[in-house]
Amino acid sequence: MRKIVGIGETILDIIFKNGQPRAAVPGGSVFNGIVSLGRMGENVAMITETGNDKVGDIIVDFMKANHVSTEAVCRFNNGRSALSLAWLDDNNDADYQFYKDYPKARLEVEWPVIDADDIVMMGSYFVLNPVLRDKVLEFLTYAQERGAIIYYDFNFRKSHKDDALKLYAGILENMEFADIVRGSEEDFDNMFGKTDPDKIYKSEVEFYCKNMLCTSGGGNVRLITKNFNKSYDVEKIETVSTIGAGDNFNAGVVFGLIHQGVLKSDLDNLDEATWDKIVRCGIDFAAEVCTSFNNSVSMDFASKY
């Protein structure tokens, strides 16, 4: 069974609505998608770090309960597990405050075994962070050499916009490793100062990676490959929380890749009909996660999909 390995942060999201806490849910951009894939019955593992404290226990127990391998989780003592406060607005979009206290020694783990056509999911500031960069590059080099499909979600937050120029070389390097990249219009604006997917593909992405997905909140999804360019309609739904929507779009795409039997060697010339099915999975997963305070798809969704 093909493996899906995520690399990224884990955090406890405390979600507020109208000034009151409504839920506390383990999260993290790649983590949310990996948990969904674990619930869908996929063979998943997560490379991450969390404190050797009660919050860390919640996160690790949550991973185990959702069939996510914890063998590559670094539990540190000299620091505390990360927390975020997520404040939902009237549209149920989140504004975040983060609380982090990491030790000097980071991500001291053995890499999971990667085989050809396994899928690696990476994204957000975690894989650009200068403190972690050498280890991230070591793992990505290993995964690429082993023939994995690498999926890169930019997830570039507004809080890092002023550092975009400094981080640009890392973004390009990550795209060079990637077989598929995904960004939202907001990500692209924060990184490149532009939002037009066609211009971004031509000027920023195409040289490094031939397959790009662009999402726009509740708007349409764009897919651009070297062979075709397509827009997919997204149905309007009533949201409870949009936290994890993009993360679960990624999970749906990866689920589609696995269940359509797509290998790394297929990606350069994947036909439109197969891409249609893959993108549909992404849209379905994203829509499902918006209907609750959970950061991942529900067990009920997983059992029926």
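Just above sits the structure.
I will try to describe carefully the structure that is included in this document. (Residues numbered from 1 in each chain as written. Predicted model: local features only at pLDDT ≥ 70, side-chain atom pairs only at ≥ 80, totals over all residues. Heavy atoms only, no water.)

### So, the pairing of strand β2 (residues 11–17)
Logical step 1: Where burial is concerned, most of β2 is hidden: six out of the seven residues are buried.
Logical step 2: Between β2 and strand β3 (residues 20–27), which pair antiparallel and follow one another directly, the connecting turn spans two residues, one of which, N18, has a positive phi of 55°.
Logical step 3: Of the strand pairs in this sheet, β2 and strand β7 (residues 80–88) are connected by six bridges, and their pairing is parallel. By the bridge assignment, F16 is partnered in β7 with W87. (Buried < 20%, exposed > 50% of the residue type's maximum accessible area, 1.4 Å probe, protein only. Helix = DSSP H or I, 4+ residues; strand = E, 2+ residues; numbered from the N terminus. Pairing = 2+ DSSP bridges.)

### As for the pattern of salt bridges
Logical step 1: Following the criterion strictly, the structure yields 19 salt bridges and no others.
Logical step 2: D118 serves as the salt-bridge partner of K3, at 2.9 Å between the closest nitrogen and oxygen. With a gap of 115 residues between them, K3 in strand β1 (residues 3–7) and D118 in the loop between β8 (94–101) and β9 (119–123) connect regions that are remote in the sequence.
Logical step 3: Since its relative accessible area comes to 18%, K3 is described here as buried.
Logical step 4: The salt bridge involving R80 is made with D101; its shortest N-O contact spans 3.3 Å. (Salt bridge = Lys/Arg side-chain N within 4 Å of Asp/Glu carboxyl O.)

### Examining the packing of helix α4 (residues 164–177) against helix α5 (residues 185–192)
Logical step 1: Close contact between α4 and α5 brings their axes to 9 Å; oriented N to C, the two are set at 110°. The angle between α4 and α5 places the two elements in the roughly perpendicular class. Note on element contacts: α5 touches α4 through N190, M191 and F192, opposite A164, Y168 and I171.
Logical step 2: A class-by-class count of the residues in the contact of α4 with α5 yields five nonpolar, one polar and no charged. (Axes fitted to C-alpha atoms, helices over the stretch in contact; angles between N-to-C directions. Parallel < 35°, antiparallel > 145°, perpendicular 65-115°, else oblique. Contact = heavy atoms within 4.5 Å. Nonpolar A, V, L, I, M, F, W, Y, C, P; charged D, E, K, R; others polar.)

### With respect to the packing of aromatic side chains
Logical step 1: Applying the stated rule across the entire model yields 16 aromatic pairs.
Logical step 2: Taking 6.3 Å as the distance between ring centres and 90° as the angle between the ring planes, the aromatic pair formed by Y168 and F192 counts as edge-to-face. With Y168 in helix α4 and F192 in helix α5, this pair connects stretches of sequence that are 24 residues apart.
Logical step 3: Among the aromatic residues, those joined into a cluster by ring pairs are Y152, F154, Y168, F188 and F192.
Logical step 4: In this arrangement the basic side chain of R106 is found over the ring face of Y102, its NZ or CZ atom lying 3.9 Å from the centre.
Logical step 5: Here the basic side chain of R157 rests over the ring of Y96, its NZ or CZ set 4.7 Å away from the ring centre. (Phe/Tyr/Trp six-rings, centres within 6.5 Å; stacked < 30°, edge-to-face > 60°. Lys NZ or Arg CZ within 6 Å of the ring centre and 35° of its normal.)

### Let's talk about the nonpolar core
Logical step 1: Counting 45 residues, the largest nonpolar core has I4, L213 and W275 as its most contacted members.
Logical step 2: With 44 residues, the next largest nonpolar core counts V109, V127, V136 and M191 among its residues. (Core = buried A, V, L, I, M, F, W, Y, C linked by side-chain atoms within 4.5 Å.)

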